[in-house]
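Structural characterization, general
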Amino acid sequence: MAATLTDVAKRAGVALSTASRAFSDPDRLGPATLRKILAVAQDLGYQAPAARLVDPATDDDTTTVAVVVPDIGNPVFAAFVKAAQSQGWFRRQTVVLADTDLNPDRERDVLSHLRDKVDGIIISSPRLEAEQILALCPRIPVVLVNRQTPGTDCVIADATDGLRQTIDYLRALGHHRIAYVQGSPQSWSNDHRVTLVRELTAEAGMDLQVLGWQAETVAGGTAAAASVVATGASAVITHNDLMALGVMAGARALGVRVPEDLSVVGIDDIPVAAITHPSLTSVSVPMARMGVAAMESLERNLVERQTPRLVRMPTQLVVRQSTGPAATAAATSTGASA
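Please read all numbers here as calculations on a predicted model, not as lab measurements. (Residues numbered from 1 in each chain as written. Predicted model: local features only at pLDDT ≥ 70, side-chain atom pairs only at ≥ 80, totals over all residues. Heavy atoms only, no water.)

**Notes on the overall build of the chain**
- Each helix and strand counted, the chain has 12 helices and 14 strands in total.
- In terms of overall dimensions, the chain has C-alpha extents of about 85 × 40 × 35 Å along its principal axes.
- Out of the 338 residues belonging to the chain, those deemed buried represent 51%.
- Contacts spanning at least 24 positions in sequence make up 69% of the contacts within the chain whose residues lie at least 6 apart.
- Measuring between centres, the 30 positive side-chain charges of the chain sit 3 Å from its 35 negative side-chain charges. (Helix = DSSP H or I, 4+ residues; strand = E, 2+ residues; numbered from the N terminus. Buried < 20%, exposed > 50% of the residue type's maximum accessible area, 1.4 Å probe, protein only. Contact = heavy atoms within 4.5 Å. Lys, Arg positive; Asp, Glu negative; His and termini not counted. Charge placed at Lys NZ, Arg CZ, Asp CG, Glu CD.)

Following this line, the structure appears as structure tokens:
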């Protein structure tokens, strides 16, 4: 088997990026380090690929990375993009942004357009299946965010801890019937979260009503509010914070008080969650950290294709004013204190 750059880096005792510079930008290395890497490469029989182009006017590496998101209007994706762009600047990369408007057909068109124009692609919360994405982009590194497959690097928000904390908290507040408002049927995160909520409520002996798919927007949550109230649930969890804000607005229009009559929990912990009235209890998803991790994963594959890896990011419940004791529990407590 032919030697790889990873083999050279390990034998020389240097980082993979340092070994790469020995062939693409040797002037950035000290003479002793450069000699050691080249000697190891020669000893292993490593053949370096053609160097990346450098713009002589700026002396900058021309690596271009595309970051594809489903909805830049959602603050959670804005945080992801900001972190990715910051990493790109640090790594002297050009970051191109594409918004697919939550549309799998547009996502397909975007990938078909970008695949021959960039060096690598990061796709956050894609609507296409992983196999479709990899078939569309066979020649460049791809990192998937919030979609899991063994075929490429993936970065996912593991909702297990955050949702377990949520169910434990709601049960402690006396809630026994929970509603869950789903997001898009093309969303990996939606399937992941619904599966977890089913398992966790079953373990807790709670009644769960999973409602139909809705647009992952404030309007989608508002549309779901009547269905939530009709279930008789005393608490609801929504696919994301925007939908939770919509449910709160829709519940108020129906004369349902939050949290006195209905506790509401979102997922993402977007900045506005802390300043709504009432402030929104939410499961915090570390999208900025995921943006950094996705860029790091892509970088290691831009140097040389690596064995695919899965990066899991934990989640955490953030309790605010939109959750409170279940109505029956609150009445019991008031009566006891009286």
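**Some remarks on the environment of Ala172**
- Mapped onto the fold, Ala172 is located in helix H7 (residues 160-172).
- Overall, the relative accessible area of 67% leaves Ala172 in the exposed class.
- Note: C-alpha distance between Ala172 and Pro325 (153 residues apart in sequence) is 8.3 Å.

**A look at the sheet that holds strand S7 (residues 153-158)**
- Pairing is parallel across the open sheet formed by 6 strands, whose spatial order is S4-S3-S5-S6-S7-S13. Single-partner strands in this sheet number two, and they are strand S4 (94-99) and strand S13 (310-314). Here the strands of the sheet are splayed against their neighbours by 15° on average, with no regard to which way each runs.
- Where strand S3 (residues 64-69) meets strand S5 (residues 120-124), 4 bridges bridge the pair, whose relative direction is parallel. When the bridges of S5 are listed, Val67 appears paired with Ile122.
- Where helix H11 (residues 287-303) meets the sheet, it contacts S3, S4, S5, strand S6 (142-145), S7 and S13, and its direction lies at approximately 165° from that of S7. (Pairing = 2+ DSSP bridges. Axes fitted to C-alpha atoms, helices over the stretch in contact; angles between N-to-C directions.)

**Quick word on the pairing of strand S9 (residues 207-213)**
- Alignment of strand S8 (residues 177-182) against S9, held across 5 bridges, turns out to be parallel. Each bridged residue has a counterpart across the sheet, and for Ala179 the counterpart in S9 is Gln209.
- For the handedness criterion, the β-α-β arrangement of S8, helix H8 (residues 188-204) and S9 is classed as right-handed. (Right-handed = clockwise from strand over helix to strand, strands pointing away.)

**Quick look at the domain arrangement of the chain**
- Under the domain assignment, the chain is made up of domain 1 (5-44), domain 2 (64-157 + 288-315) and domain 3 (159-285).
- Averaged C-alpha coordinates put domain 2 and domain 3 at centres separated by 28 Å.
- At the interface, 14 residues of domain 2 touch 20 residues of domain 3.
- Along the contact surface separating domain 2 from domain 3 lie 1 salt bridge.
- Across the salt bridge formed by Arg127 and Glu216, the nearest N and O atoms sit 3.2 Å from each other. (Domains from an automatic or database assignment. Salt bridge = Lys/Arg side-chain N within 4 Å of Asp/Glu carboxyl O.)

**Section: the nonpolar core**
- In terms of nonpolar packing, the biggest core is built from 64 residues, with Phe80, Ile122, Val155, Leu163, Ile237, Val264 and Met290 touching the most fellow members.
- When residues are assigned to domains, this core turns out to be shared by domain 2 (64-157 + 288-315) and domain 3 (159-285), each giving three or more.
- When residues no more than four places from it in sequence are discounted, the contact partners of Phe80 are Val67, Val69, Ile122, Ser124, Val145, Met287, Met290, Gly291 and Ala294.
- Grouped together as the second largest cluster of nonpolar side chains are 18 residues, Ile133, Leu136, Leu144 and Cys154 included. (Core = buried A, V, L, I, M, F, W, Y, C linked by side-chain atoms within 4.5 Å.)

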